[in-house]
Every structure is written in C-alpha cells, then in structure tokens.
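# Analysis of the macromolecular model
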Amino acid sequence: MNTFNDKNIEHSRPKTQKLHSKETSASAVDTWSGISFVSTPTSETIPAKWVFVFFDLPSEEFTRRVSLHRQFRKVGLAMHSQSVYFMPYSRLAYKAVNGIDESLMVIRANIEDNKSVLLVGLYQRLIESLFLEVENKVEELAEAKADSDNTRGYTKRYKKMWERLDDLKSVVKSVPSDSYTQRIKLLELMVEEIDERAPGAGVSY
C-alpha cells in the first residue's frame, strides 16, 4: 500500500508552477519508492505527520542550490534524495519551510507508524551531524578565546555560537529526547565556561 495518497497529503503549490493533487501524489509516491531505510531510532516520540519538500533546479544554478541546502539544514530539513527533503511537521516548521523559496513544493503527509519509525531513524542522522558541527564550533570558540590578540574575532564567534545552539534546540524539538536535551545543556555549560576564561588562558576541553 502506498504511504502517500490523496487523503493524507496536503501540499503548498509553488507560485511558479501549476500542480494538481493527482500530480503531487504521484510525484510523492515515485520519490518514496526509492528510499532505503537502514537505521532504528531511539527517540521517545514518533511523529505521525511529516513535511516533505520537493524542488528541481538546473545544474547551472549551483549557487542557488547551495543556498537552499544551507537554509534547509538551518530549519531542520533532512535530505533523503537529491531534490527531496523532509522533517517532522509542526506549524512553525511548515511556515518556515514555505518561507524559504516560492518555487518549492511543500507537502504535509500523514505517514504510517512503521514508516514514521524509519523516518525518525533517518532524521536522527541529521541531528547527529548538527551536534558534531556545533561541538566542533565549541572547540574553535575555545581556541579563539585563547588567542589574546583577537578578542574581536572571539566576540563574533561567541554570538554566533548561541545562534547555532538556538537552531539546534529548535531542530531537536521535532524529535524529543532526554539525551538530546542533556547534550545541549552540556554544550551550553561549555560555552559559558569558555566565556568566563581570561583571554589567552589556553585551551582545555
């Protein structure tokens, strides 16, 4: 049985395209059929409703494609094929995704329980990569603090660090987990501890 059908799909039409419900459903089914699930999630909550984003850009629009990828990552969209991204549904998430680019086709879909579990497993890959990215930035922040000759550079990194943590907290809310909450608190404590050090005090993790 297909996961997507006309009863459980709601979509937002791109202003630059004319799409009908049947065409949207067919695209979703074709894309879904190519997914390979390989991991098992440990999340405490399994979302039943998801947001899927479809787009198609020519190869010559490389800069625009890179910009979209960065915006997708920032709002918490995970990639499961070259031009298809997904994330657990929430009103705020749906609004944020629709505001990225008017050419995107954005779909809300109710997913069967067994496939939702597998989607969570895939989504956790994105979350783990975001944690790794933030952890690396914490190390860079500590190094910047140790550089007594570059206090201005540290100040910019420190401000950006809290923005990254806020983005990370927003993403993990989609798949609540005590372990994610604890890891974020630890990162926040590390950032606060780094900020309390005297400039040029050296690096310690």
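Residues numbered from 1 in each chain as written. Predicted model: local features only at pLDDT ≥ 70, side-chain atom pairs only at ≥ 80, totals over all residues. Heavy atoms only, no water.

## Section: the pairing of strand E3 (residues 78–81)
Pairing between E3 and strand E4 (residues 84–88): 3 bridges, direction antiparallel. The residue bridging Met79 from the neighbouring strand is Tyr85, located in E4. The loop that links E3 with its antiparallel partner E4 comprises 2 residues. (Pairing = 2+ DSSP bridges. Helix = DSSP H or I, 4+ residues; strand = E, 2+ residues; numbered from the N terminus.)

## A short note on helix H2 (residues 62–75)
Taking 1.5 Å of rise per residue, 14 residues should cover 20 Å, and H2 covers 20 Å from first to last C-alpha, within 8% of that figure. Of all the residues in H2, the buried ones are Arg65, Leu68 and Phe72. In a view along the axis of H2, the buried residues occupy a sector of 60 degrees, so they form one face of it. Set apart from the buried face of H2 by more than 90 degrees, the exposed residues are Thr63 and Arg70. If you follow the buried residues of H2, they end up packed against strand E2 (49–54) and E4. Of the residues one or two after H2, Gly76 is the one with positive phi, at around 100 degrees. (Expected span 1.5 Å × (residues − 1). Buried < 20%, exposed > 50% of the residue type's maximum accessible area, 1.4 Å probe, protein only. Arc of directions from axis to C-beta. Contact = heavy atoms within 4.5 Å.)

## Some details on the pairing of E2
Of all 6 residues in E2, 5 are buried; the element is thus mostly enclosed. By the bridge criterion, 6 bridges tie E2 to strand E5 (residues 105–110) in an arrangement that is antiparallel. Of the residues in E5, the one forming a bridge with Phe54 is Met105. Sheet topology places E2 next to E4; 5 bridges connect them, and they run antiparallel. Its bridge partner being in E4, Phe52 is matched across the sheet by Phe86.

## A closer look at helix H6 (residues 178–196)
Over its 19 residues, H6 extends 27 Å from the first C-alpha to the last, a length consistent with the 27 Å expected when each residue adds 1.5 Å. Looking only at H6, the buried set comprises Tyr180, Ile184, Leu187, Glu188, Val191 and Ile194. Each buried residue of H6 lies within a common arc of 125 degrees when the element is viewed along its axis, so the set occupies one face. Exposed and facing more than 90 degrees away from the buried side of H6 are Gln182, Lys185, Leu186, Leu189 and Glu196. Contacts made by the buried residues of H6 are with helix H4 (113–146) and helix H5 (151–172).

## Topic: the nonpolar core
Of all hydrophobic cores here, the largest spans 50 residues; its most connected members are Phe52, Val53, Phe72 and Tyr123. Looking at this core, the elements with two or more residues in it are E2, H2, E4, helix H3 (91–98), E5, H4, H5 and H6. Broken down by element, the residue count for this core peaks at 13 residues, all from H4. Lining this core are residues from two domains, each supplying at least three of them: domain 1 (28–116) and domain 2 (123–196). (Core = buried A, V, L, I, M, F, W, Y, C linked by side-chain atoms within 4.5 Å. Domains from an automatic or database assignment.)

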